[in-house]
Number of protein chains: 4
Amino acid sequence: MMNKGRLEAFSDGVFAIAITLLVLELKVPDVKGAGDAGLGAALLALWPDYLVYAVSFATIGIMWLNHHALFQNLTTVSYALLVCNLLLLLAVCFLPYPTLVLGRYGPTGTTVLFYGVVLVLISLSYRALYYAARPPTGVSGIVGYLTQWNAWLSVGLIGYVIAIALGWYAPIASIGIFAAVAVFYALPSSVKAALQRARNDT
Amino acid sequence: MMNKGRLEAFSDGVFAIAITLLVLELKVPDVKGAGDAGLGAALLALWPDYLVYAVSFATIGIMWLNHHALFQNLTTVSYALLVCNLLLLLAVCFLPYPTLVLGRYGPTGTTVLFYGVVLVLISLSYRALYYAARPPTGVSGIVGYLTQWNAWLSVGLIGYVIAIALGWYAPIASIGIFAAVAVFYALPSSVKAALQRARNDT
Amino acid sequence: MMNKGRLEAFSDGVFAIAITLLVLELKVPDVKGAGDAGLGAALLALWPDYLVYAVSFATIGIMWLNHHALFQNLTTVSYALLVCNLLLLLAVCFLPYPTLVLGRYGPTGTTVLFYGVVLVLISLSYRALYYAARPPTGVSGIVGYLTQWNAWLSVGLIGYVIAIALGWYAPIASIGIFAAVAVFYALPSSVKAALQRARNDT
Amino acid sequence: MMNKGRLEAFSDGVFAIAITLLVLELKVPDVKGAGDAGLGAALLALWPDYLVYAVSFATIGIMWLNHHALFQNLTTVSYALLVCNLLLLLAVCFLPYPTLVLGRYGPTGTTVLFYGVVLVLISLSYRALYYAARPPTGVSGIVGYLTQWNAWLSVGLIGYVIAIALGWYAPIASIGIFAAVAVFYALPSSVKAALQRARNDT
């Protein structure tokens, strides 16, 4: 129905831009008059911003990698795939905003909730895309794809929900969980499994 | 006359960037001191911004899809096509600005008018591009292409004009119409028709 | 020496991004409290910004078009070409900044000078790139390429210098000249000549 | 294991965006009321910003060039290469931020240190990527790649460390060293050597 190459090129472009735009959300500390040491201290005090930047960067980078694996052996582009792909890009493009809110207000119940909800949306739309690319027997439609169980995909989802709940008690720990999920999907075994699955399933 | 591939690549790049830049227009609420609940309320109160963000995202996404369908079977790149394509990109690249104005001042007669006029310009330049890609017999020149009647293309145009007029009485309803037009062009029947037309007409 | 395709892809990306970033330089008028009519008047009063936006957009778009024509039949990528290409991209990427200054302070001797100097730099680095792509007999080196005479390339250069000089007396007229140069290079005859030249000369 | 083409396309996109975003970090001087001459003086006084902009632009441009040379003859994409590439992109995408800090606060011990540390990170992750692309006999793992000695790669590293140390005494001289390193890697001999090496080693 549609040329896979141009869909990949468009998606690659969006991933590349979203990942690069994250840096625009870092603001320069306003400490004119505090001297050079004051500026140094202010820059060091922004470490949660840098951490959240790195987590968002890793999340989008890994999402790109898995997107690539998913499209590797794809032969046809269905309407459902097209829509799921746009939903995934919508959520990925939105991520810089909760990243900015989290950086500006620091980790709190609200900022962790906002950031986590967008990660959950990314995770869900990736799940729908995943099954739209290789529809399981007897399942069709975006709702059907969303409700398919998959252990590997659910690690992220479950991690995000725990992080959100934890946000009301220990928001710093939530950031640690977000980072841990990114590291999990970046482990050699995860990456190799994703690339392998893409090769075998289709 | 010109290599189609590089024109597509350049256009894809512009679409991908314009769609990703939209998020930069969302500003963090300034509620330091209002506490975590105050921040949550402020983020929720921004729902019209999120809605307009989603409508602009969908509009550009669908425009990309139709652009792709149009170029699918194209064999030659004429001068008129080149100019119409640049005009379309100009209007698409400008869309983040009225999106920002609409988000900042909320839906009013003026902001809906501004947003709607840019949508009308996008719609008109797409119409010109559409006929520049497949010139109807006996018609040539950008003005000729613009004044060709086409029911499918006109749904958006008519919707936008109604939304603009309605903006002076019920601006929230205008946003609904903008969203409805995006949904209409994203329906399976519209997308399939567009892709089919691209395959048959040329 | 180097793969032409990836140089084109990188340049296309930079052109696409620079042209799309221009919109970020447009700022929303700050007229909260002035009512809806006040907002409309404020948006209309920004017309010089929109005009400069369109001129910068057209300038980068045409530069992309000519860049494409230049690379069409290129077979080898020399070191001089690589360096000239990076210089051109440097100047093109910088253009949003004088565009912003011109928009913010309106047309004055200083803002027109700043904007014009960057256009002159774009024009000169394109000239160097032009001859680096097809070195004339007996000429080599970036300085040699820069000092080659070419009537078609010089229209822009001469227009820009006149516009800069005029900026101290009638800065609005300068904007008109900048726009006229863009229109000149976008005329069918210019575009066709550029594309033809690219095909014949090599 | 993975398609090299899409990895190159994604990396090219990120390089192109990072290099173009640099201009967004330049802020318009706020001198309303100082008259046209005052604006001119304010724009001239920003010369350190322009210089740092050019150094960052050159650094990313040269990094792109070497990245291209490295991937030229690559046949397989290993897991280590994938991770090193993401680390390099992370550091390159971050560069606009210290560029902005350096521009805003001028060259001081702290701003030079911050900028220099990010350059060191870029240099180190490029070194890891370099050896991940062509693993030397008996060496494997990112730590192994990082600790391999290479004179050509170390010129930058040593230059950056000297510039950082010098920053506490003569920060302007540090900027000169950063620029000199960029010029060194842009010299015909460096570029040709890099391209040649890419062709021979694999």
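To start, this report covers the structure provided alongside it. (Residues numbered from 1 in each chain as written. Chains lettered and ligands numbered in written order. Predicted model: local features only at pLDDT ≥ 70, side-chain atom pairs only at ≥ 80, totals over all residues. Heavy atoms only, no water.)

### Considering the overall build of chain A
- Along its length, chain A carries 10 helices and zero strands.
- Starting at the N terminus and walking to the C terminus, you meet the elements of chain A as α-α-α-α-α-α-α-α-α-α.
- For chain A, whose C-alpha radius of gyration is 18 Å, the value lies close to the compact-globule estimate of 17 Å for 202 residues.
- Counting all 202 residues of chain A, 60% fall into the buried class.
- Across chain A, the fraction of contacts at a sequence separation of at least 24, relative to all contacts at a separation of at least 6, is 73%. (Helix = DSSP H or I, 4+ residues; strand = E, 2+ residues; numbered from the N terminus. Rg over C-alpha atoms; globule rule 2.2 N^0.38 Å. Buried < 20%, exposed > 50% of the residue type's maximum accessible area, 1.4 Å probe, protein only. Contact = heavy atoms within 4.5 Å.)

### A closer look at the relation of the copies chain B and chain A
- Placing chain B over chain A gives an RMSD of 0.0 Å and needs a rotation angle of 90°, together with 0.0 Å of translation along the axis. Considering both components of the superposition, the chain copies are consistent with a four-fold axis.
- Of all interface residues in chain B, a mere 8% are interface residues in chain A too; the two copies therefore contact each other through different surfaces. (Least-squares fit on C-alpha atoms with pLDDT ≥ 70 in both.)

### Description of the packing of aromatic side chains
- Within the structure shown, the criterion is met by 60 aromatic pairs over all chains.
- Their ring planes at 70° and their centres at 5.0 Å tell us that F184 of chain A and Y185 of chain A sit as a pair that is edge-to-face.
- Judged by relative accessible area, which is 11%, Y185 of chain A ranks as buried.
- Relative to Y50 of chain D, the ring of Y97 of chain C lies with its centre 6.2 Å away and its plane at 65°, an arrangement referred to as edge-to-face. (Phe/Tyr/Trp six-rings, centres within 6.5 Å; stacked < 30°, edge-to-face > 60°.)

### Quick notes on the interface of chain B and chain A
- Listed as interface residues are 39 residues of chain B and, on the opposing side, 33 residues of chain A.
- Taking both sides of the interface into account, the surface hidden between chain B and chain A amounts to around 3,100 Å²; carbon and sulfur atoms contribute 75%.
- There are zero salt bridges connecting chain B and chain A.
- Taken together, chain B and chain A are joined by seven residue pairs in polar contact (both at pLDDT 80 or more).
- Among the secondary structure elements, those contributing two or more residues to the side of chain B that touches chain A are α1 (4-21), α2 (35-44), α3 (47-72) and α10 (188-201) of chain B.
- With 10 residues, α3 of chain B is the single largest residue contributor to the side of chain B that touches chain A.
- Here the side of chain B that touches chain A is composed, by residue class, of 25 nonpolar, six polar and eight charged. (Buried area = accessible area lost by both parts, 1.4 Å probe. Salt bridge = Lys/Arg side-chain N within 4 Å of Asp/Glu carboxyl O. Polar contact = N/O pair within 3.5 Å; in protein donor to acceptor, adjacent residues only side chain to side chain. Nonpolar A, V, L, I, M, F, W, Y, C, P; charged D, E, K, R; others polar.)

### Side note on the interface of chain D and chain C
- In this complex, chain D contributes 39 residues to the contact, which on the side of chain C involves 33 residues.
- The contact between chain D and chain C buries some 3,100 Å² in all, and 75% of this surface belongs to carbon and sulfur atoms.
- A per-residue breakdown of the area chain D buries against chain C is headed by T20, V28 and W64 of chain D, which together make up 19% of the total.
- Taken together, chain D and chain C are joined by zero salt bridges.

### Some thoughts on the arrangement of the chains
- No part of chain A reaches chain C; the closest C-alpha pair between them is 9 Å apart.
- Nothing in chain B touches chain D; the tightest C-alpha to C-alpha distance between them is still 9 Å.

### Quick word on the side chain of T59 of chain A
All names here are of chain A.
- Structurally, the position occupied by T59 is in helix α3 (residues 47-72).
- Of the polar contacts made by the side chain of T59, one reaches the backbone oxygen of V55; its length is 2.7 Å.
- Those residues within four positions of T59 in sequence are excluded, and the remaining contacts are L119, Y160 and A182.

### A short note on a positive patch on the surface
- Together, K27 and K32 of chain A, K27 and R104 of chain B, K27, K32 and R104 of chain C together with K27, K32 and R104 of chain D line one region of the surface with positive charge.
- The topology assignment puts K32 of chain A in the loop between α1 (4-21) and α2 (35-44). (Patch = residues over 30% accessible without salt bridge, like charges linked within 9 Å, V, L, I, M, F, W, Y side chains within 5 Å. Areas by Shrake-Rupley, 256 points an atom, 1.4 Å probe, with all protein chains shown as cover. Lys, Arg positive; Asp, Glu negative; His and termini not counted. Charge placed at Lys NZ, Arg CZ, Asp CG, Glu CD.)

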